[in-house]
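Coordinate analysis (summary)
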Amino acid sequence: QKEVEQDPGPLSVPEGAIVSLNCTYSNSAFQYFMWYRQYSRKGPELLMYTYSSGNKEDGRFTAQVDKSSKYISLFIRDSQPSDSATYLCAMSGNSGYSTLTFGKGTMLLVSP
Amino acid sequence: DTAVSQTPKYLVTQMGNDKSIKCEQNLGHDTMYWYKQDSKKFLKIMFSYNNKELIINETVPNRFSPKSPDKAHLNLHINSLELGDSAVYFCASSQARGARGETQYFGPGTRLLVL
């Protein structure tokens, strides 16, 4: 079992839909949870960051972490064609040299 | 202004050749990273340097040798290139050492194709 599992998609939705993206993980030492967005032929960019369990909202984006289930989610409200990208979850532990462990990414396609 | 830049953007070469990729960040960050993203889009850490010192060296063949002449630059030299080295290589940087919740800023990637 990989440390971080993420459905690669593609996930196709119409404009305005609510999108739910998810990752599961196996390492209970993970404390920091991030979502990166990667447009085609570009580098990933940080979208959301959450420490430990809970919810965080930023505009149309909401990140949720459930450490008891080892499950994290990213919700996108009122999705736009410009949201079409690959979304990678990433997580790290609490030690000084923790590396980021990425999921494989979910490709999202929002059609107008 | 580009925060993290990489050269070249594309690299096509023959098996057995030696090649280098350069990375520069103008963010004043202390830590820089090299990642490899394979054909299945899986992004995996290779190396990390903090203030020119190697701090993370994942299981990477010895043919890959990073070098940091100063904290704003991290280069990657690859000897005896193999077909399996074909991938996109991303450089990234962060403010301090380690990855605890720190934002990592990625470069645009170098697409390496080994024929």
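Since we're looking at a predicted model, the values are computed, not measured.

Cut-offs and rules
Residues numbered from 1 in each chain as written. Chains lettered and ligands numbered in written order. Predicted model: local features only at pLDDT ≥ 70, side-chain atom pairs only at ≥ 80, totals over all residues. Heavy atoms only, no water. Patch = residues over 30% accessible without salt bridge, like charges linked within 9 Å, V, L, I, M, F, W, Y side chains within 5 Å. Areas by Shrake-Rupley, 256 points an atom, 1.4 Å probe, with all protein chains shown as cover. Salt bridge = Lys/Arg side-chain N within 4 Å of Asp/Glu carboxyl O. Helix = DSSP H or I, 4+ residues; strand = E, 2+ residues; numbered from the N terminus. Buried < 20%, exposed > 50% of the residue type's maximum accessible area, 1.4 Å probe, protein only.

So, on to a nonpolar patch on the surface. On the surface, Val12, Leu113 and Leu115 of chain B cluster together into a nonpolar patch covering about 280 Å² of accessible area. By secondary structure assignment, the location of leucine 113 of chain B is in strand 11 (residues 110-114).

The next thing to look at is unusual backbone geometry. Residue proline 10 of chain A is bonded to the preceding glycine 9 of chain A through a cis peptide linkage, with omega at 10 degrees. For proline 10 of chain A, the position within the fold is in the loop between strand 1 (4-5) and strand 2 (11-14). Of the consecutive residues threonine 7 of chain B and proline 8 of chain B, the connecting peptide bond is found in the cis state with omega at -5 degrees. Looking at where proline 8 of chain B falls in the secondary structure, it is placed in the loop between strand 1 (4-7) and strand 2 (10-13). In this structure, lysine 52 of chain B is a non-glycine residue whose phi angle is positive, near 75 degrees. Relative to the assigned elements, lysine 52 of chain B resides in the loop between strand 5 (43-50) and strand 6 (53-57). Using a relative accessible area of 46% as the deciding quantity, one classes lysine 52 of chain B as partly exposed. Although it is not a glycine, serine 80 of chain B adopts a positive phi angle of roughly 45 degrees. Residue placement: serine 80 of chain B occurs in the loop between strand 8 (73-78) and strand 9 (87-94).

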